[in-house]
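Below, each chain spelled out in residue letters.
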Amino acid sequence: MVPGEKRYGGDVAIAGAAPGPGAVQAGAVELLNLPDLGIGILLPELALLVNTRALAYAATHGRVLLPTQPPFVALRFTDRTALAGELLTPGAPDRQLYVLLALFAAAAFDTAAHLHTAAAVRQRHPGLAWIGFPVPDADGLWRFPDYSYGRRLASEHPLTTPGGHPA
Amino acid sequence: MSATERTDVLVIGSGFGGAIPAYHLAAGGAEVVILERGPHLTAPDFTHDLRLGSYTRIVDLVQGDGITVVAGNCVGGSSVVYFAASLRAPGFVFDRRGSLGHRLWPSTLTRAALDPWYDRVEEALPVAEQSWDQVPYPGGLFAAACARAGRTCNPVPVAVDLARCTNCNWMLNGCHFDAKRSMLLNYLPAATAHGAEIRPLHEAQTIAPATTPGYRYRVSYTQLDAGDYRLPVGVGAIEAKTVVLAAGALATPVLLQRSAPLLGGVPQAVGRYFSGNGDRVSIADVDEGKVRDLLGLERAPGIPYQGFPIGKPIGSMSYDRLDPATAEFTRFSLQQIYFPGITDLLAQATDTPATSWFGVRKKEMRARWPSWLSVLAMTEDDNEGVFGPPPPTGSSTRVATSLCLSTLSYRPTANTLRGWAAADAEARAVLERDGLARVRPWSENPAGSVSAHPLASCRMGDDPATSALDERGELRGHPGLFVTDGSAVPTSLCVNPSLTIAALAERACPGIVESTAEAGVRVRYGAPAPR
């Protein structure tokens with residue numbers, strides 16, 4: 001969902017398709033195992049399901065997979081992307097499951113959803129740092145005293161009624 | 001098992017639709033109990049945090065077939081998590097005919113007829129006009145882009161204490177500074193001051209005829225575990241002379257569907273004609289250099305914009321396409337708005353729908369996140385949402401914290417799609433002009449269309465075949481059972497709905513008081529705006 005660089009030489013789970021950290025470095029697996037979420041126990045079964053679909057994809061697209069690797073890992077990045085597109089397409093079987101997995105993977109990167117945000121920003125959480133999430137005040141709250149260009153930048157609609165409403 | 005309790009008036013739900021009648025009835029002398037499914041939190045609890053278990057305690061993401069809806073789940077309802085844009089619906093909305101070919105709103109309801117009720121709500125919240133120097137950077141950027149494209153643009157009226165607001169942009173979490181005017185700050189404390197009792201973590205399950213003489217309805221409820229809303233921890237029932245149903249447009253019709261056999265049937269419009277307010281969100285990936293060169297903006301030395309996460313979430317909007325002379329299904333407002341990071345998933349980085357919202361290009365787009373600008377078009381949809389058979393309990397099936405599956409299905413008609421296409425074209429005409437930004441709507445692949453404004457699933461009207469409520473908000477065939485939440489609003493509004501929901505609830509109060517008095521309660525109408 002959010003591709004990143006390999007964590008170490010020989011990292012096969014991450015394809016290494018993009019520079020910088022991805023969803024895994026951002027804590028996607030930690031998030032999926034968060035007790036509050038209550039789906040950690042299902043992850044081995046979900047991995048099995050993804051690998052079954054990867055096998056089917058390889059068979060129908062003429063891909064030869066290394067038998068020493070789990071089928072999804074053995075797919076090239078472009079094939080992983082195409083398969084993810086298929087799994088997540090409206091009407092696809094088990095789609096709601098894959099959408100949930102995609103949502104949580106992205107939430108780990110975009111929101112550090114397994115961490116308290118103020119602490120995550122201060123610790124340079126990979127996803128929040130990547131998107132440039134602003135830093136809070138010392139008390140862990142955000143305030144923006146400078147927030148406005150401070151001038152009229154358009155004319156209001158001529159039929160605006162008192163209070164600023166449309167007519 | 002506990003004995004059945006009794007009260008004069010039972011209110012189900014504590015958002016705009018529940019809090020307002022609760023106040024007027026309590027202030028008028030009735031005994032009022034409010035059942036609220038969610039927890040009772042206040043400002044110190046509303047943290048700035050995106051961790052699961054923070055805002056997810058008070059916001060639900062409800063997934064249907066073809067649509068996902070965001071809704072509040074706490075005392076104060078969606079008023080706690082809304083973005084406080086407080087707008088009167090344009091006059092043409094009340095004349096809408098939809099694809100049914102007849103007026104959908106009650107003939108007694110026009111903008112002029114609703115204006116006095118809007119006045120009351122604006123006084124009670126209260127609503128403030130933002131001056132241009134109170135419009136945050138994203139709203140300023142949108143306004144400048146509108147002006148350059150030959151459009152007008154207005155600061156958005158908001159239910160915010162502007163002197164107290166820190167422009168933190170955490171409104172979905174509830175307001176930590178008590179600057180946003182939710183029901184927690186006006187109608188609900190005024191109601192409890194007059195003796196109303198709020199019961200959080202109480203989920204209504206059925207409405208049936210009462211067995212005690214003089215009482216009209218018996219409402220059964222389940223008490224929910226504060227740490228896991230999936231777990232019931234108790235049950236009970238309350239009989240009341242009047243029931244005000246305001247559980248929200250995703251819950252009110254489901255509760256009535258489940259109650260239909262007990263009530264001897266409900267109108268066939270219950271659970272039909274749902275509208276997502278025609279919501280359509282687009283993300284603009286803005287070119288900072290063009291902001292400087294085309295619009296002449298600079299917020300700090302060398303920084304033209306980079307203001308996506310700064311400010312109140314809603315700053316400015318264009319009314320240009322709210323022209324009553326144009327055809328239905330082509331009118332809409334276009335509003336600058338900010339959504340928290342959980343929705344970043346939906347931004348499209350390419351034009352290949354199957355993979356546009358994830359992958360390498362999307363990650364590159366994320367690196368420009370401070371330069372994003374999002375806009376919400378509120379269009380005229382076709383009331384095409386329909387609820388399936390109700391789940392065994394509650395209004396949806398809670399699968400995880402904050403994540404619920406609904407039986408609601410939404411298949412946009414050609415009319416709705418026409419409105420969305422017109423809105424997309426307008427967003428691009430304004431924001432893509434001379435390469436200022438690249439604009440694409442949120443992907444519909446992961447979650448269908450997305451709405452934060454559920455409406456119309458138990459709507460009022462004059463035609464019994466296509467409206468569940470009469471023009472006073474009473475459920476047809478069920479005296480003393482009123483519906484006052486977003487489900488009563490007949491159509492999409494082309495603006496954010498909260499002020500209209502609140503105004504309709506205010507308008508319904510004299511009738512609810514009258515009905516309650518007829519049931520033998522010593523109650524009178526006429527309380528002033530809460531202080």
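### Quick notes on the overall build of chain B
1) Next: Broken down by element type, chain B carries 10 helices and 19 strands.
2) Next: When the 531 residues of chain B are sorted by exposure, 68% land in the buried category.
3) Next: Pairs at least 24 apart in sequence give 75% of the contacts found in chain B among residues at least 6 apart.
4) Next: For chain B, the accessible surface area stands at approximately 16200 Å², while carbon and sulfur atoms represent 52% of it.

### A few points about the overall build of chain A
1) Next: Of regular secondary structure, chain A possesses seven helices and zero strands.
2) Next: Listing every helix and strand of chain A by position from the N terminus yields α-α-α-α-α-α-α.
3) Next: On C-alpha atoms alone, chain A measures out to a radius of gyration of 22 Å, which is more than a quarter above the 15 Å that the 2.2 N^0.38 rule sets for 167 residues.
4) Next: In terms of overall dimensions, chain A has a C-alpha envelope of 70 × 40 × 30 Å along the principal axes.
5) Next: Accessible area for chain A stands at about 8200 Å²; split by element, carbon and sulfur atoms hold 63% of it.
6) Next: Charged side chains in chain A number 12 positive and 13 negative. The centres of these two groups are separated by 6 Å.

### Examining the sheet that holds strand E17 (residues 437–441) of chain B
All names here are of chain B.
1) Next: A sheet is described by the order of its strands in space; here six strands give the open sequence E5-E11-E12-E13-E10-E17, paired in antiparallel fashion. Bordering the open sheet on either side are strand E5 (154–155) and E17, each of which pairs with just one other strand.
2) Next: As judged from the seven bridges shared by strand E10 (residues 279–286) and strand E13 (residues 372–379), these two strands associate in the antiparallel manner. When the bridges of E13 are listed, Ile283 appears paired with Ser374.

### So, the interface of chain B and chain A
1) Next: At the junction of the two partners, chain B supplies 75 residues and chain A supplies 68 residues.
2) Next: Across the chain B to chain A interface the summed buried area is about 5800 Å²; carbon plus sulfur atoms make up 62%.
3) Next: When the area that chain B buries against chain A is broken down by residue, the three leading residues are Arg51(B), Trp132(B) and Lys363(B), summing to 13%.
4) Next: The interface formed by chain B and chain A contains one salt bridge.
5) Next: Across the pair Arg366(B) and Asp110(A) runs a salt bridge whose closest N-O atoms are separated by 2.6 Å.

### What about the nonpolar core?
1) Next: Core analysis: the largest hydrophobic core is formed by 216 residues, its most contacted members being Val32(B), Ile207(B) and Leu431(B).
2) Next: Residue contributions to this core peak at 11 residues, all from helix H5 (residues 95–111) of chain A.
3) Next: Ranked by size, the runner-up nonpolar core spans 12 residues in total, among them Val69(B), Ala71(B), Val254(B) and Phe387(B).

### Examining the packing of aromatic side chains
1) Next: The tally for this structure, following the rule as stated, stands at 16 aromatic pairs over all chains.
2) Next: Both rings, one in Phe274(B) and one in Phe387(B), keep their centres 6.2 Å apart while their planes meet at 80 degrees; by these two values the pair is edge-to-face. Here Phe274(B) is found in the loop between helix H6 (252–263) and E10, whereas its partner Phe387(B) is found in strand E14 (residues 385–387), with 113 residues between them in sequence.
3) Next: Residue Phe387(B) is classed as buried on the basis of its relative accessible area, which comes to 6%.
4) Next: Measuring from ring centre to ring centre gives 6.3 Å for Phe274(B) and Tyr410(B), while their planes differ by 85 degrees; the resulting arrangement is edge-to-face. Here Phe274(B) is found in the loop between H6 and E10, whereas its partner Tyr410(B) is found in strand E16 (residues 403–410), with 136 residues between them in sequence. Residue Phe274(B) shares its accessibility class with Tyr410(B), and that shared class is buried.
5) Next: An aromatic cluster is built from Phe133(A), Trp142(A), Trp170(B), Phe308(B), Tyr338(B), Trp369(B) and Trp372(B), whose rings are joined through pairwise contacts.
6) Next: The residue whose ring lies beneath Lys241(B) is Tyr215(B), and the NZ or CZ to ring-centre distance is 4.9 Å.
7) Next: Over the face of the ring belonging to Tyr273(B) we find Arg459(B), whose NZ or CZ atom lies 4.0 Å from the ring centre.

### Structural notes on helix H9 (residues 414–431) of chain B
1) Next: Taking 1.5 Å as the rise per residue, H9(B) with 18 residues should run 26 Å; its terminal C-alpha atoms sit 26 Å apart, in good agreement.
2) Next: Taken together, the buried positions of H9(B) are Asn415(B), Thr416(B), Gly419(B), Trp420(B), Ala422(B), Ala423(B), Asp424(B), Glu426(B), Ala427(B), Val430(B) and Leu431(B).

### Looking at the pattern of salt bridges
1) Next: Using the criterion set out here, one finds 38 salt bridges over all chains in the structure.
2) Next: A salt bridge links Arg76(A) to Asp79(A); the nearest nitrogen and oxygen atoms lie 3.5 Å apart.
3) Next: On the basis of relative accessible area, Asp79(A) is assigned to the buried category, the value being 3%.
4) Next: Glu123(B) is paired through a salt bridge with Arg531(B); the nearest N and O atoms lie 3.4 Å apart. Placement of the pair is Glu123(B) in helix H3 (residues 111–124) and Arg531(B) in the segment after helix H10 (498–518), with a sequence separation of 408 residues.
5) Next: Judged by relative accessible area, Arg531(B) falls into the exposed class, the value being 80%.
6) Next: Within the structure, one salt-bridge network assembled from shared partners comprises Arg88(B), Arg111(B), Asp115(B), Asp119(B) and Glu122(B).

### Remarks on the packing of H3(B) against H10(B)
Any two packed helices are characterised by the angle at which their axes cross and by the distance between the axes.
All names here are of chain B.
1) Next: At their nearest, the axes of H3 and H10 sit 8 Å apart, and the two run at 105 degrees to each other. The angle between H3 and H10 places the two elements in the roughly perpendicular class. Of the residues in H10, those in contact with Leu114, Trp117, Tyr118, Arg120, Val121 and Glu122 of H3 are Leu499, Thr500, Ala502, Ala503, Leu504, Glu506, Arg507 and Pro510.
2) Next: The residue inventory of the contact of H3 with H10, partitioned by class, reads nine nonpolar, one polar and four charged.

### Some words on the pairing of strand E8 (residues 217–224) of chain B
1) Next: By the bridge criterion, seven bridges tie strand E7 (residues 202–209) of chain B to E8(B) in an arrangement that is antiparallel. Following the sheet pairing, Ile207(B) is matched in E8(B) by Val219(B).

### Here we look at unusual backbone geometry
Residues and elements named next belong to chain B.
1) Next: In this chain, Leu125 is followed by Pro126 through a cis amide linkage whose omega measures -15 degrees.
2) Next: Mapped onto the fold, Pro126 is located in the loop between H3 and helix H4 (137–148).
3) Next: With a phi close to 55 degrees, Asn167 is a non-glycine residue in the positive phi region.
4) Next: Among the structural elements, Asn167 can be located in the loop between E5 and helix H5 (187–193).
5) Next: According to the relative accessible area criterion, Asn167 is buried, its value standing at 2%.
6) Next: One non-glycine residue with positive phi stands out, namely Leu201, at about 60 degrees.
7) Next: In this fold, Leu201 is placed in the loop between strand E6 (197–199) and E7.
8) Next: Take Leu201: its relative accessible area is 15%, and that puts it in the buried class.

### Here we look at the confidence of the model for chain B
Residues and elements named next belong to chain B.
1) Next: With 100% of its residues at a pLDDT of 70 or more, chain B has an overall mean of 97.
2) Next: Mean pLDDT across the elements of chain B ranges from a minimum in strand E15 (residues 397–400), with 88, to a maximum in strand E19 (residues 481–483), with 99.
3) Next: As a predicted assembly, this complex carries a pTM of 0.97 together with an ipTM value of 0.97.

### Observations concerning H4(B)
Residue and element names in this part refer to chain B.
1) Next: In a regular helix each residue adds 1.5 Å, so 12 residues correspond to 16 Å; H4 covers 16 Å between its end C-alpha atoms and thus fits that length.
2) Next: The buried fraction of H4 is high, at 10 of 12 residues.
3) Next: Those residues of H4 lying buried are Tyr137, Pro138, Gly139, Gly140, Leu141, Phe142, Ala143, Ala144, Ala145 and Cys146.
4) Next: Turning to H4, the residues buried within the fold contact E10, helix H7 (288–295), strand E11 (316–318), strand E12 (332–337), E13 and H9.
5) Next: At the exit of H4 stands Gly150, carrying a positive phi of roughly 80 degrees.

About the criteria used
- Residues numbered from 1 in each chain as written.
- Chains lettered and ligands numbered in written order.
- Predicted model: local features only at pLDDT ≥ 70, side-chain atom pairs only at ≥ 80, totals over all residues.
- Heavy atoms only, no water.
- Helix = DSSP H or I, 4+ residues; strand = E, 2+ residues; numbered from the N terminus.
- Buried < 20%, exposed > 50% of the residue type's maximum accessible area, 1.4 Å probe, protein only.
- Contact = heavy atoms within 4.5 Å.
- Areas by Shrake-Rupley, 256 points an atom, 1.4 Å probe, with all protein chains shown as cover.
- Rg over C-alpha atoms; globule rule 2.2 N^0.38 Å.
- Lys, Arg positive; Asp, Glu negative; His and termini not counted.
- Charge placed at Lys NZ, Arg CZ, Asp CG, Glu CD.
- Pairing = 2+ DSSP bridges.
- Buried area = accessible area lost by both parts, 1.4 Å probe.
- Salt bridge = Lys/Arg side-chain N within 4 Å of Asp/Glu carboxyl O.
- Core = buried A, V, L, I, M, F, W, Y, C linked by side-chain atoms within 4.5 Å.
- Phe/Tyr/Trp six-rings, centres within 6.5 Å; stacked < 30°, edge-to-face > 60°.
- Lys NZ or Arg CZ within 6 Å of the ring centre and 35° of its normal.
- Expected span 1.5 Å × (residues − 1).
- Axes fitted to C-alpha atoms, helices over the stretch in contact; angles between N-to-C directions.
- Parallel < 35°, antiparallel > 145°, perpendicular 65-115°, else oblique.
- Nonpolar A, V, L, I, M, F, W, Y, C, P; charged D, E, K, R; others polar.
- pLDDT = per-residue confidence, 0-100.

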